[in-house]
Every structure is written in structure tokens, then in C-alpha cells.
Amino acid sequence: MRILLVPVVISVLAAPVSAAPRAAVLKRPATLPAAVLRSLEVVPASVKLEGPGAIHRVIVTGITPTGAIDGTRKATYRIDNPKVARISADGVVTALADGDALLEVRLDGKSARARVQVRNSRAVRPVSFLREVMPVLGRGGCNQATCHAKQGGKAGFQLSVLAFDPDADHAALALQAGGRRVDRVTPENSLLLRKATMAIPHGGGIRFKPGAAEHRLLARWVAEGARFDPAEAALEKVEVTPAERVVGPSQEQQLLVTAVYADGSRRDVTALTDFKSDETAVADVDGSGLMMTGTLSGEAAVMARFMGKIAVARVSVPPAKRLSPDAFAHLPRQNFIDDLVHRKLQQVSVLPSEPCDDATYLRRVSIDLIGTLPTAEEARAFLEECDTERGDSSTIPAPKARQRLVEALLSRSEYADYWATRWSNLLLVNRDLLLPRGAYAFDRWLRDAFQSNLPFDQFARDVVTATGETYRDGPPNFFRALPKPEDLGKSVSQLFLGVRMECAQCHHHPFERWSQEDFYGFAAIFARVKQKSGYPEGYTSIIYNGFDGELKHPKTEKTMPPTALGGGELSITEGEDRREALARWLTAPENPFFARAIVNRVWGLMMGRGIVEPVDDFRVTNPATNEPLLDALAKDFVEHRYDLKHLLKTIAASAAYQRSSAARAGNARDTRNYARYFKKRMPAEVLLDAIGQVTGVPENFRGHPEGTRAIQMWDSRLDVDFLETFGRPVRQSVCECERPTEGSVPQMLHLMNSFTMQERLTRDPSLVSSLAKSTKSEDEIVQELYLSALSRYPTAEELGVAKAAFTREKVTRKQGVEDVLWALLNSAEFILNH
Amino acid sequence: MKIEWGTDQENCAGVSRRNFLKVGTLAGMGLTLPELVRLRQAHAAAPTGKKPANVIFLFLDGGPSHFETFDPKPDAPAEIRGEFKAIETNVSGIRISEHLPKTAKVMDHFCILRSVSHNDSNHSAGNHFMTTGHPTPIPVGCGSTVSYHPAMGAFAAYDRQTTGKLERGLPPYVNLGGGMRSGGPNFLGPAYGPLVVGGYPASDNFRVQDVSLPPGVDQARLDARKGLLSQLDRLQRDADNVRDPARAIDSYGAKAYELITSPAAKAAFDIGKEDPKTREMYGRKNHFGQQCLLARRLVEAGVPWVSINWGGWDHHFNLFNDMKRMLPTLDEAYSALLRDLKDRGLLENTLVVLLGEMGRTPKINAGPGRDHWGPGMSIAIAGAGVPGGTVVGATDKDGGYPSERPLTPQDLACTLFHKMGVDYRKEFHNELGRPLQMVNGGDPIRELL
């Protein structure tokens, strides 16, 4: 027996020894900054305390000329009627007796007031399962996914993830295990309490001490009969105050978390809330909701979670030495995007990089808009045009030439090729799922849609309401690829709403608002999509609306009414295809998801990072880095009738898009506020086309006409080594994440050392062979190579280095050209869009 | 030859065979206290003093029939028994399929696990389970390629790379025969993904793609080009940002250059340097055999994990004819690999695992074939201290379910990591911040320790 105990002891030591709230890593600042206050504010203005011993905290904010500082722990408090309530030095008001009082707050010569109302302070009422017991278990970590909320529970005891299913939790506690978990006669003997206090061995360790407030509360609940009144008002949401704030480095900010119940009642649950910062080095928060900033500047989102509901407080920490507003006054501005980007940059006190030069812009915007590298001739012509506009060859941007360039690019056929390729990845244009003819039909439809600049609302409508034959029509193929309503629900939601719901299929998402009801309600929209074989039998499919068919919630077995995401039932007229109602809801200008999701996706592809990132993962815990910008882009997009080309033009025209990718002092660490252009690897197809174009030795694709570019291929399953190596989506899901964007060793092996690359350099005819054979001077050859690969002229220094390669010992002129082009094609400047 | 990052592989397109089977069992009874303590301690730390094992993971994609390979049921009725006979091995009491005669002669080198089972009787889910040790959280279709969890090989790469136990220039995780369906690194990130080596090592001009210098380029020229590149590539790098894509290109480029120029890696991949007699032993025309030989060369050089993916074991139809064609290839290669490793003293620290994603149904269908069956399968495991000439567990008389010592894929995963000296109870967080264990549950199979 002694031996057997060993592992048990180890597990105890490994477990948390106390249920006490986690201490923050960052230390509280010794002193708060002295500031001249303009005024003082206290929140809430009216403190309502209901029931015996009720508590509520206040937040005191000092308004300074430049912002706001937290005064909650610095202010002095006085309650004019001390019999009614008392207040602690850190701002927590406790009810004493029924009555009204006035709270006066003073700080640095300013004052503010709040009313205090205490009601029912003598009322005796049973412990509430929902409001009191569950939060204690939540705070103790009992219902986390790693403990008893694990699938199948732990040690036979299962709770719902973060208390989303109180009925089941109550049954687990009060009814299951033969009722051993609660002992109504001698509550202290309840398994629940003996385990939690480690009176008997508990794999999860001690969650609270005997006699602690939690212990007393649970014991009282058991003694009162371990009851759960289902009529109790449900928790609707939680709010965190302040929701957004700029806090200087090494300062503090108290948070207040308020629970809002279905009956409209509100309650301070700060002390019962679980806090988590996504960037503890910037801002950390302790168990009492006191947030502390570190010495690093940056941004953090602090998640406040109570009973499965979440609110997020966003904090920006500017550098200790803030830049003066003048520094931001004269930044180049092209359109509304810049106002909003600059506002954010000023808030975090980061200066943007300089504008990029014309050659960089040409290369960048060509890759981003049409997935095609400019040729040497195009580069030469554009640079000349810029020089003409400017009157010299400096690096000051030539805005008119840039604007004309964008117009010209958007009218090229490669525009449709590139964006159709992007969307065929997302819409599962995959011959393994659709058969070749189906994939081909869908591919053609997409190319036509982008060629004719189909408004995006119409595009979405055509896809989600598609009926017809897969071999003949494009969009019905989407339903062939995804025959199940559940898959359609989650795919449409991710594609067009930017919301990932797959977790909600099986359980309540622990970090999200979506429940299984939401999931199956949305999926039910697709319950009547049917398919049958067309002719030839077994090949083409006919997709149609079936007028019957329902989807049931797998647990409750309730037939789910088709429901819009986050909203009520869809208004479906008699006999109408449910998807028509979906399309109406989706593309209504007031839809809260649709326009934001698509502008964010396009913005992310252009800018290298979505305002919400990943671009198809909108959720409370993944807040936008610039909410006003996202709103403004969406509004502009809707106002311009969902015109994708307009959106692209607007982004391409912004100063934010036209910045250099080179960091300047103080902005190298910015990865989310667009202080510079974020470099990104060219997508596989674009890079392959670029290499083919530059070397003059393009890839040939089996089954496609000669001269077909990778962005023109319909068949995504064709085995092409290069594309496999550099990563192309497998088209099995609608997730943008299917496209790998990272580099890899094999990619570099391919570029550096592959036979095919060497072949592209040495073959005749090719760019290298024609240059080597030509009568061009070495200077001209190097220039041509630079213009072809990098869309710019070489500097004098580069010219010198490159020319030296021609004169190495035992090297022919052709080999010299090969080596210089090899170096250019292996450079980060070529591989990346920068 | 090609090196690439994971591609998927087809199946449900029938071919195949495989057979044989077993007898005595080694263990299967209750745990003694000292054994329990030993297991618990094994969790905390891997075996000390011994060299941690490298793994050769031979994956027969499609789900080879256990009846026609390592778990024959000669006494079962004909509709279960099938056409093949069972033969004696060099270990008395253990019998396997008559079409694995060479393997029968090295039975003393390996152990048959006859009781690993799961309920994911389809390719994608079964493949995921057996390759990662982790079941798929949701049912997945037959043809899909899914990754919900890093492959065991990716964890091995992570462990060796982050602990500095990997020799310079060597890839930590190699896939031969194309990428595995679920062989990817998932949340560990691409740095721990497999180096996928395709192509045919049995062909005379086999070269691993892009590792050997192309015609017209010698090392001096490559170095000259690199020199030129370093002078010309002036795009600004972000000193403060480890995720700067330009810096990633630099580090991948440096690793690529190491692979090209490292004598260790190059030599390991250069199967042409192998003694012709050895190549012959593995079957000079035996594609799988030459892959096994290449795998041996790689682990010999210090590569911690090599997976070989051999598809086509999905025998819904034509089971016996296909098996008669495929088993001799397997037999030749597998027996040669074990002999070769043994002769070189490498078997002591090389773990060789031969498995598929599932077994096949007891009852022979009209194909004639056998259909998907997760609850029963056989796994052959050898080396790194695994007692040879043994059988662990058994299926019932019909070969459908474990009747002794039921084991899980998690148990297998724990065993592999344990032998590699990897702390398999380590907790990771995926991109969503969700806590994940390398292996969720399971224990090392004590008979193999």
C-alpha cells in the first residue's frame, strides 16, 4: 500500500494547491502618476445593493487633459449614512441595512458622487444554484475542459463546459452517483465538499479550504436541499467596465464585471470572474480584476469570463515617451482608411513607415490585385510614367500614375483568374468531390463572375441559393461538395459571415457565444436541399429544394426552426426555399456580419493581416484591432453596392497600403496596426507563374492548353511538384487556413538546388540564353534581370556586384547571367511580396 | 524523387492482401505492484542510460487484413479462415501467414500485438488515430485528409529539435513514399513537419529531390551563388520580429544548404553507396524494400523518425490474389530490415513498427475481400528492447475483437514515445489556446518495456 501511494502523492503535488485566484505576474506600481485632473467620474452612478451582505464595486476615473487615469485605489471615499453601507479603500461597497445614502469620492481636489440604495438586506433566501453555486464551481476551475467538463467527465463526474448546461450540472451534483455527491443531512459529508477540500483524495487537488466562504456556501446549499429553481432568471450577458482604455506603462486599471440577467437585474460579479490577458507582458490582471500594465508598449485583450459568458476589455499601452500629436498631423492621407489607421497609430504612439517607392508599389499591387508580376517592359514604362509625373527620378510617390496603374490592372483578365483561383479554393472546386466536369463548370462560373465584377451580395446569393445541374451550372457544385446540412451550416457561416461554428456542433464553444441551438438552427436552413442523379446516371447531380426535411437538435431531439445566426427565425414565406430567406438576411445592408466579413477578408489578403485575424474567425475573444476601420470599410462597401473592385481600389489607394515594408525606429514590433506593409510570401500559383515569366520557361500543365498559367488552371488536383512544395489548398474545407503561407526547407531546396530551376536558368530559349547571346552590355543585362525579377533598376552597387559575377574565373557569360538570376530568384526580395 | 510537404493519398480503390498469425501470449494478467510503480515512473522520465530509440514507422495504408498476415485463424470456418494457411515461425507456438515465410524466420526479432483496437473503421479517422495516437474529435469521411493533432513523428521532431539532440544537417522527421494523411505537425508548426521524400529508391537514378546538386553546378558554384545572393539580397530584415518572413527564408535557406552540403544527410540519402549485397537482401527491385533500406540509413545517421507510407492495402475485393502479389514484397523487405538492423547492432535503439489504420472484417465478402474493421488488427513491433518472439494479446476465435489484453492506439503511442525518451504527458496548447496532451490517456505496453 505504501508503494501505491507514491503516484497519488505526486499527483497532489502537481495539482494547484489552492483555489485562490491567480496572482498576476506583473507587480503593482509603487506610485500612480501625478496628473492634473479636469474632473472625476464614478461608475456606476447609482449603486444598487439587493439582499443581505450584497457587494458592488465602483470604478473611479480621473479625466486628464490627454486621457483618463484610474483613481479607484487612490481616491478617498465617504458614505454619508454609514448605517446603510460601508466602502473599502479599494472601492467595494457592502450593504448593511436598507436605506439610501450618498457616496462621495475625492481625488486630487476633484470630487464625484454616486447614490447607494440598499434593499432587502434582512431578507432570508436560499442559496441560488445558478447565481451562487455554479459560479463557485466555475471559479474553482471544476468545469473547465481539462477537469470535470472533459468529454466523459473525470472520475465519473461530468459537468458541462463552463456551466452552459445548468440542468445537467444540477443533475450531476444532486442526483447522479446515487446521490452521494450531496448529503442533505450532514452536508459536510457530501462527496462534493470532501473532494473539493481534499478531505479525501481528489485528482484535482484542493479547490478551497474547509471553512472558506466557498465551503460555507456550498454546505448551506446542500443543507437547504441542493435545489435548483428552473424559474430563476438566466444570465444574459456580462459587461466589463471600462471596455476600452489607453493606459500608460506601469500603471493600473481596476475592472468591473457586471452580470445582466434575463429579468433585467444587474449584479457585480467581478470577484467571481475568471480573467485572462492575451498578452500578459503588456497587461496582466489578477483575480480581483485589477489590471496592471507592464513596461512594454502594445495592446492586450483582457477576457472576463463568468458562467460561460464573456466580455473583453481592450487596453493599449503607449510607449512611456509619447509622441506629440504634431508628429501625426501631416502624415500622407489618401482616403478615410488613413484617418482611422492614423488615429489608432496615434493612440499607440507608433509612427508609420515612409511611403514605398514606385517600383515597389508596382510590384506589390500587381501581385495583390492580379497575382501576376509585371514584365520588364511594364516596369520600365511605369517607372518612366512616374518620372514624367514627378519631373524627376526621386522616390516621392507619383499618385496619378499609381491610380492609373490600379485601374489598368483591374481591367486585365488576370484579375478574374487570380480572384477566381482564390475563391475556388474556398468553394471546394475539387474534382475529387465534383468530378472533373463539375469542377470545370464551377471554375468557369467563378471566372465569369469575377470577369463581370458580379456584386458580392449577388455572388453570395447565387452560391447559397443554387439549384441546377452540377455538370452544367457552377454554384450547385457547392452543395454537391457539402451534402449535409451541418457541413453547409458551418461552411456558409465561415465563408460569408466569418464565424467558425464547428465547435458548437458537438458542444457549447467554451470561448464563444454560440450554442448547439445556434448551430443546428442555422444548419436547419439547409435541411431541405436535396440532390438526385442527373444524366449520365451517377455522374452529374441535380441540386434542388425539397420542400420537406428537418434538422433535429441531437440532444433535445427538438426540430430546429431555421434561424439566422445570432437572430430570430427567418421570415420564410409558404413554400419558399429556406435559402432564399437566408440570402435576404445575409445581404441586407444591416446584416451585422456579411459586409464586415468580406471586407476583412479582402483587407487581410491585401494588407497581410486582417483587422480580425484569422480573417474568417470573428469572435468576442478575437477582437478587431481597429473596430472603426472595419465598420467604415463595411459601410463604404455596402454603399458602393458590394463592388469588390471598388473595395480593392480603395485599399490600394490608401497611404496605409502604400507604405514601405521597412521598419522605422519604433514601429518594427507593430504587427497589427499597419504602421508598415507586412511582407508575405507569394502564393504558390503566383510564384510559379512569376518564375515562369521571369525565366522565360513557363510550366506546362497536363490537360491544359500550352501557355496556361497556374492561376488559370481549373484542376486543383493535378500533380504539380512546385505547387505541392509551396502549398496549395487541398480544397476539402472552406477555411482560408488551408493555404499554407509559410516557407519551408523543401521550398528553399527547390529554389536553390532543383533540376527544374537549373533547367529554367540554362535552357535555350530562355531569358538567360537570349541575354547571353545578345549584344547587350553587362550593365544592360543586369538591368534587364532586375526589371524582370524585381520590377526595379539595380543600384550602382548592385550593378557592380552582379557584373563581377560575369568575370569570375572560368565562368562563361551565360553562366554569369545564370548565377545572377539564380541569386535574384532566391532572394527574399523576389520570393516575398514586400 | 521529390521532397514535399504532405500530400494525401488515395484509397478505397482496392487491391491487396496480407496474412498470418499467432498463438501464445506473453502476458495479459493483472499488474503487480512493482510493475505499476515502474510504469508510473516511466511517465516522469524516459529510460535513462540507454540511448533513446529512433523509430521506423512502416504504414500499410488502407488497413491490411490481420487474418492474412499476423493473426491467421486456421481453425475458424472457411468464410472466416480464408484461403491461406498458417505456418510455423522460428518461435515455437507462434504462427503467421504462409505468405510471410521470411518474416517467419525472424519471428524471434519481433513481437506481434494482436489486441490493439479502435472503433474508427474508416481510412481517415483510423489513419489519424494510428498516426497521431489521437482519435478524430468528429467522424470524418473515407476520402478526407485530416489533421486534428500533430503526428507522432512531428512530436518526435519537436522533442529532438528543442532539446538539441539532433545532429546538424539531419532532418528530424522524414516521410518516404509520399506524405502521410495525418502526418503533419498541426499546431506545432511547419518547422516540425515531415520532410516528404517521394520517388523510387529502387530505381538506379534515385535521388532525393533537390538535395543533390543539379548538373552543371558543383559546390564551388553553389557557394559562389550563395555569396552573390548574400550581397544582393538587401531587403530589410526585422531584427525584432522572429516571424519576419524574410528571416524565415534565411533560416530555411540555411537548413536547405546544410542538407545539400552536409555529408551526413547526403550520405544517408545516397542509397547508391550501399553494398550491392545489402541492396539485394532488401530486394533490388523491391520498392518498399529499398525504402526500408533508406530508412535504415537515415536512422543509422541519427534521424529520429522515418515513416514509410505504402498504400493499397484496402482489400474489399480480390483479397487473396492481391495478397499473394503484395505479401512477398512486404515479407522480403520487412525480414531484411530486421536482420540488417540486428546485424549492425542497430536494433537495440531502433523501434520498427509495422501497422495500418485498422484490420479487416472476419467474414469474407463476395469480392472476395474483407471490409474495414477497427476493433481487430495486428501490429508487428521490434527493437529498442521489445522482446522478440512474443505475442501480446489475442483476438477471439473469429478474429473480430480482442479477447485478451485489450490495448488502445494510445497505449501504442505511449510505448513509442516512452522508447524515444519523450515525455508524452507534456501538455501543449493549440492556436485557440485549448490545452492538449500529446497522448490523451493510455499507458506504455508493459510487455514491451
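Each chain carries its own residue numbering, running from 1 in the written order of its sequence. Each chain takes a letter, starting from A, and each ligand takes a number, starting from 1, following the order in which they are written. Restriction of local features to residues with pLDDT of at least 70 applies here, the model being predicted, together with a cutoff of 80 or more for giving and counting side-chain atom pairs; totals for whole chains, interfaces and linings are based on all residues.

**So, the overall build of chain B**
And then number 1: Where helices and strands are cited, they refer to DSSP runs of H or I of at least four residues and of E of at least two residues respectively, numbered from the N terminus. Scanning chain B from terminus to terminus reveals twelve helices and 17 strands.
And then number 2: Partly exposed residues are those whose C-beta has more than 12 but fewer than 20 other C-beta atoms within 10 Å; with 20 or more the residue is buried, with 12 or fewer it is exposed, and the C-beta atoms are placed from the backbone. The proportion of buried residues among the 449 residues of chain B is 56%.
And then number 3: A pair of residues counts as a contact when their C-beta atoms, built from backbone coordinates, are separated by no more than 7 Å. Put simply, 75% of the contacts in chain B that link residues at least 6 apart link residues at least 24 apart.

**Topic: the overall build of chain A**
And then number 1: For chain A, the helix and strand inventory stands at 30 helices and 25 strands.
And then number 2: Overall, chain A is about 100 × 75 × 65 Å in size when its C-alpha atoms are taken along their principal axes.
And then number 3: Taking all 834 residues of chain A together, 49% fall into the buried category.
And then number 4: Within chain A, counting contacts between residues at least 6 apart in sequence, those at least 24 apart form 63% of the total.

**Focus on the confidence of the model for chain B**
And then number 1: When pLDDT is averaged along chain B, the result is 84; 84% of the residues meet or exceed 70.
And then number 2: Confidence of the predictor in every single residue is expressed as pLDDT, which spans 0 to 100. Confidence over residues 1–49 of chain B falls short of pLDDT 50; this stretch has 176 contacts with residues more than four positions distant or in other chains.

**Description of the sheet that holds strand E12 (residues 244–246) of chain A**
Residues and elements named next belong to chain A.
And then number 1: If DSSP finds at least two bridges between two strands, the strands pair. One open sheet holds the four strands; their spatial order is E12-E20-E19-E16, and the pairing between them is mixed. Edge strands, defined here as strands with exactly one partner in the open sheet, are E12 and strand E16 (274–277). With strand direction ignored, the average angle separating the axes of adjacent strands in the sheet is 20°.
And then number 2: Relative to strand E20 (residues 309–317), E12 runs parallel, the two being bridged by three bridges. Of the residues in E20, the one forming a bridge with Arg 245 is Val 315. Lines fitted to C-alpha atoms define the axes here, with helix axes fitted over just the stretch in contact, and angles between the N-to-C directions of these axes take values from 0 to 180 degrees.

**Regarding the packing of helix H28 (residues 796–806) of chain A against helix H6 (residues 219–232) of chain B**
And then number 1: Packing of H28 of chain A against H6 of chain B leaves a shortest axis separation of 10 Å and a crossing angle of 170°. With respect to H6 of chain B, the element H28 of chain A is oriented roughly antiparallel. Between H28 of chain A and H6 of chain B, the residues in contact are Glu 798, Val 801, Ala 802 and Ala 805 of chain A and Leu 228, Gln 231 and Leu 232 of chain B, respectively. Orientation labels follow simple angle bins: below 35 degrees gives roughly parallel, above 145 gives roughly antiparallel, 65 to 115 gives roughly perpendicular, and whatever is left gives oblique.

**Re the pairing of strand E9 (residues 350–355) of chain B**
Residue and element names in this part refer to chain B.
And then number 1: Among the six residues of E9, six are classified as buried, and the element is accordingly described as predominantly covered.
And then number 2: Side chains Thr 350, Val 352 and Leu 354 project from E9 onto one buried face, and the interleaved Leu 351, Val 353 and Leu 355 project onto a second face that is buried too.
And then number 3: Summarising the sheet, strand E2 (residues 54–61) and E9 pair through six bridges and their orientation is parallel. Within the sheet, the bridge partner assigned to Ile 56 lies in E9 and is Val 352.
And then number 4: Sheet topology places E9 next to strand E12 (residues 379–382); three bridges connect them, and they run antiparallel. Along E12, the bridge assignment pairs Val 352 with Ala 382.

**A closer look at the confidence of the model for chain A**
Close inspection of predicted coordinates is inappropriate in any region flagged by low pLDDT.
And then number 1: When pLDDT is averaged along chain A, the result is 89; 94% of the residues meet or exceed 70.
And then number 2: Low pLDDT (under 50) marks residues 1–21 of chain A, which in the prediction has 20 contacts with non-local residues, meaning those over four places away or in another chain.

**Describing the packing of helix H24 (residues 745–753) of chain A against helix H7 (residues 245–261) of chain B**
And then number 1: Relative to each other, H24 of chain A and H7 of chain B sit at 70°, their axes nearing to 8 Å. By the angle between their directions, the pair H24 of chain A and H7 of chain B is classed as roughly perpendicular. Judged by the twist between their axes, the crossing of H24 of chain A over H7 of chain B is right-handed. Of the residues in H7 of chain B, those touching H24 of chain A at Val 745, Gln 747, Met 748, Leu 749, Met 752 and Asn 753 of chain A are Tyr 252, Gly 253, Lys 255, Ala 256, Leu 259 and Ile 260 of chain B. Helix crossings are classified by the rotation of the near helix relative to the far one: an anticlockwise turn of less than a right angle makes the crossing left-handed, while a clockwise turn makes it right-handed.

**Observations concerning helix H29 (residues 813–825) of chain A**
Residue and element names in this part refer to chain A.
And then number 1: One fewer than the residue count of a helix, multiplied by 1.5 Å, yields its expected span. Under the 1.5 Å per step criterion, the end-to-end length of H29 is 18 Å for 13 residues, consistent within 8% with the ideal 18 Å.
And then number 2: Counting buried positions along H29 yields eleven of 13 residues, so the element is predominantly enclosed.
And then number 3: Listed in full, the buried residues belonging to H29 are Gln 815, Gly 816, Val 817, Glu 818, Asp 819, Val 820, Leu 821, Trp 822, Ala 823, Leu 824 and Leu 825.

**Regarding unusual backbone geometry**
And then number 1: Of the consecutive residues Thr 241 of chain A and Pro 242 of chain A, the connecting peptide bond is found in the cis state with omega at -10°.
And then number 2: Residues Gly 367 of chain B and Pro 368 of chain B are joined by a peptide bond in cis, for which omega reads -10°.
And then number 3: Locating Pro 368 of chain B in the fold gives a position in the loop between strand E10 (359–360) and strand E11 (372–373).
And then number 4: Positive phi outside glycine occurs at Ala 226 of chain A, with the angle close to 50°.
And then number 5: With respect to the helices and strands, Ala 226 of chain A occurs in the loop between helix H5 (213–223) and strand E11 (235–241).
And then number 6: Look at Arg 731 of chain A: it is not a glycine, yet its phi comes out positive at around 60°.
And then number 7: Locating Arg 731 of chain A in the fold gives a position in the loop between helix H23 (721–726) and H24.

**Focus on the pairing of E20 of chain A**
Residue and element names in this part refer to chain A.
And then number 1: Extensive coverage of E20 is indicated by the burial of eight of its nine residues.
And then number 2: Relative to E20, strand E19 (residues 298–306) is paired through nine bridges, and the arrangement is antiparallel. Each bridged residue has a counterpart across the sheet, and for Gly 298 the counterpart in E20 is Val 317.
And then number 3: Hairpin remark: E19 followed by E20, antiparallel, with two residues in the connecting loop; positive phi at Met 307, about 50°.

**Topic: the environment of Val 315 of chain A**
All names here are of chain A.
And then number 1: Along the polypeptide, Val 315 turns up in strand E20.
And then number 2: Overall, Val 315 belongs to the buried group, with 23 C-beta atoms counted inside 10 Å.
And then number 3: A sequence separation of 17 residues divides Val 315 from Gly 298, and the C-alpha atoms of the two residues are 8.5 Å apart.
And then number 4: In this structure Val 315 touches Arg 245, Val 247, Ala 283, Met 291, Glu 299, Ala 300 and Val 302, once residues within four positions along its chain are discounted.

**A word on the nonpolar core**
And then number 1: If you look at the biggest cluster of nonpolar residues, it comprises 275 residues, and the most contacted ones within it are Val 306 and Val 353 of chain B.
And then number 2: When residues of this core are assigned to their parent elements, the largest contribution, twelve residues, is made by helix H11 (residues 319–343) of chain B.
And then number 3: With near-sequence residues (within four places) excluded, Val 306 of chain B lies in contact with Ile 56, Phe 57, Val 174, Leu 176, Ala 295, Leu 298 and Val 299 of chain B.
And then number 4: Any nonpolar core is a set of buried residues, restricted to Ala, Val, Leu, Ile, Met, Phe, Trp, Tyr and Cys, that join up through C-beta atoms within 7 Å. Ranked by size, the runner-up nonpolar core spans 79 residues in total, among them Ala 101, Leu 162, Phe 208 and Val 282 of chain A.

**Looking at helix H4 (residues 123–132) of chain B**
All names here are of chain B.
And then number 1: Within H4, ten of the ten residues are buried, which leaves the element mostly enclosed by the surrounding structure.
And then number 2: Taken together, the buried positions of H4 are His 123, Ser 124, Ala 125, Gly 126, Asn 127, His 128, Phe 129, Met 130, Thr 131 and Thr 132.
And then number 3: Its buried side turned inward, H4 meets E2, helix H5 (152–162), E9 and helix H12 (409–420).
And then number 4: In the segment just after H4, Gly 133 is the residue with positive phi, at about 75°.

**Thoughts on the sheet that holds strand E3 (residues 55–57) of chain A**
Residues and elements named next belong to chain A.
And then number 1: Across the sheet, three strands lie side by side as E3-E8-E7; this open sheet has antiparallel pairing. Of all strands in the sheet, those bounded by a partner on one side alone are E3 and strand E7 (85–87). Ignoring which end each strand starts from, the neighbouring axes of this sheet average 20° apart.
And then number 2: Sheet analysis places E3 next to strand E8 (residues 92–95), joined by three bridges and oriented antiparallel. Bridging from a neighbouring strand, Arg 57 pairs with Val 92 of E8.

**Points about the environment of Tyr 261 of chain A**
Residue and element names in this part refer to chain A.
And then number 1: In this structure, Tyr 261 sits in strand E14 (residues 256–261).
And then number 2: With 468 residues separating them in the primary sequence, Tyr 261 and Pro 729 have C-alpha atoms 45 Å apart.
And then number 3: With residues near it in sequence (within four places) discarded, Tyr 261 still touches Ala 233, Ala 234, Leu 235 and Glu 236.

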